[in-house]
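# Observations on the three-dimensional arrangement
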Amino acid sequence: RWPQWEKKPLISVHINIIDGLKLTALPNDNVFKNSWAGLFAASLCPGQKRRQLKEELKDEIKAQILSVQNALPQDLPLRLDSHVHTHMIPLVFDAMMQATKELGLDNRLTFIRNSREPLFVFIKDRTLRPTFPLVNIIKNIILNILAVRVGRKMKKAGLPSTMLWGLIMSGNMDGERVKKLSSPVCKYAAEKDIYLEI
């Protein structure tokens, strides 16, 4: 059916290394036992354990990319993001980039979600400020810090600069607040010449 669609959707591989079943399962080891905090901590610890985890992540990411790519036309551009933004963690991001290179798909990579969101655009509005949960503000700050490194790596790979709208409002992205914030968020993205993903 794909060739018959006049307007084809953009399809991203939504990498999952936190929940559910692995594609690279071994006997008695087919369920993910990773946590976001654990993967982040592993990024900070040099040594054999970190290298081994990176290899495991790379192999799983390769399997997930192939499972999507094999179901679609072979010339489809490769777009990447991840469940709960795990690809923003340095160890995971590097494993993901290595996976695309080893698969020979790095020249087809056209998009990576950079989970950064300009906090001040949201908290500037005093009426909306109290509606943003503290946990979402903390997530926003952590991901914005990690986004600096991801942005540098994306620029080096010749990928467009991107940003996300949906962190601080995660779990409650209602129409009223979206409408109120639409103009300042879109203006920010346009001024910075950044691809905005909602």
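We now turn to the structure provided with this report. Residue positions are given per chain, counted from 1 along the sequence in the order it is written. In view of the model being predicted, local features appear only for residues whose pLDDT reaches at least 70, and side-chain atom pairs are presented and counted only at 80 or more, with totals across whole chains, interfaces and linings using the full set of residues. Computation of side-chain values covers all heavy atoms of the structure but excludes hydrogens and water.

## Side note on the packing of helix α2 (residues 48-69) against helix α3 (residues 90-102)
Convention followed: To get an axis, fit a line to the C-alpha atoms, keeping to the stretch in contact for a helix; angles then go from 0 to 180 degrees between the N-to-C directions. Helix and strand definitions follow DSSP, with helices as H or I runs of at least four residues and strands as E runs of at least two, each counted in order from the N terminus. Put simply, angles under 35 degrees are roughly parallel, angles over 145 are roughly antiparallel, angles from 65 to 115 are roughly perpendicular, and the rest are oblique. Left-handed describes a crossing in which the near helix is turned anticlockwise from the far one by less than a right angle; the clockwise case is right-handed. We call two residues in contact when some of their heavy atoms are within 4.5 Å. When residues are sorted by character, Ala, Val, Leu, Ile, Met, Phe, Trp, Tyr, Cys and Pro go into the nonpolar class, Asp, Glu, Lys and Arg into the charged class, and all the rest, Gly among them, into the polar class.
In the contact formed by α2 and α3, the axes pass within 8 Å of each other and the chain directions differ by 50°. Taken as axis vectors, α2 and α3 run oblique relative to one another. The handedness of the crossing between α2 and α3 comes out as right-handed. Across the interface between the two elements, Arg50, Leu53, Lys54, Glu55, Leu57, Lys58, Ile61, Lys62 and Ile65 of α2 pack against Leu91, Val92, Asp94, Ala95, Met96, Gln98, Ala99, Thr100 and Glu102 of α3. Residues belonging to the contact of α2 with α3 are distributed by class as follows: nine nonpolar, two polar and seven charged.

## Re the nonpolar core
Rule in force here: Among buried residues, those of type Ala, Val, Leu, Ile, Met, Phe, Trp, Tyr and Cys that are joined through side-chain atoms within 4.5 Å constitute a nonpolar core. Exposure is judged per residue with a 1.4 Å probe applied to protein chains only, and the accessible area is read against the type maximum: over 50% gives exposed, under 20% gives buried, and values in between give partly exposed.
Formed by 32 residues in total, the largest nonpolar core has its most connected members in Ile17, Leu39, Leu57, Ile61, Leu80 and Ile112. At the level of elements, β1 (13-15), α1 (36-44), α2, β4 (78-82), α3, β5 (109-112) and α5 (134-156) are the ones that each hand at least two residues to this core. If one sorts the elements of this core by residue count, α3 sits on top with six residues. Excluding its chain neighbours within four sequence positions, the residues that come into contact with Leu39 are Ile17, Ile18, Asn34, Leu53, Leu57, Thr86, Ile89, Leu91 and Val92. Residues Phe122, Ile137, Ile168 and Val185 belong to the second largest nonpolar core, which totals 15 residues.

## Regarding unusual backbone geometry
Despite not being glycine, Val84 has its phi angle at roughly 50°, a positive value. Looking at Val84, the relative accessible area reads 40%, which means it is partly exposed. Here the phi dihedral of Asp193 falls at roughly 55°; this positive angle occurs in a residue that is not glycine. Take Asp193: it is sitting in the loop between α6 (175-192) and β7 (195-197). Given the relative accessible area of 66%, Asp193 is considered exposed.

## A few points about the sheet that holds β1
Formally: In this analysis, strands are considered paired if DSSP registers two or more bridges between them.
Spatially, β1-β4-β5 is the arrangement adopted by the three strands of the open sheet, whose pairing is parallel. Single-partner strands in this sheet number two, and they are β1 and β5. Shown here is a sheet whose adjacent strand axes are inclined to one another by a mean of 25°, direction ignored. Two elements, β1 and β4, share three bridges in a ladder whose sense is parallel. Along β4, the bridge assignment pairs His14 with Asp81. Across the face of the sheet, α3 comes into contact with β1, β4 and β5 while running at roughly 165° to β5.

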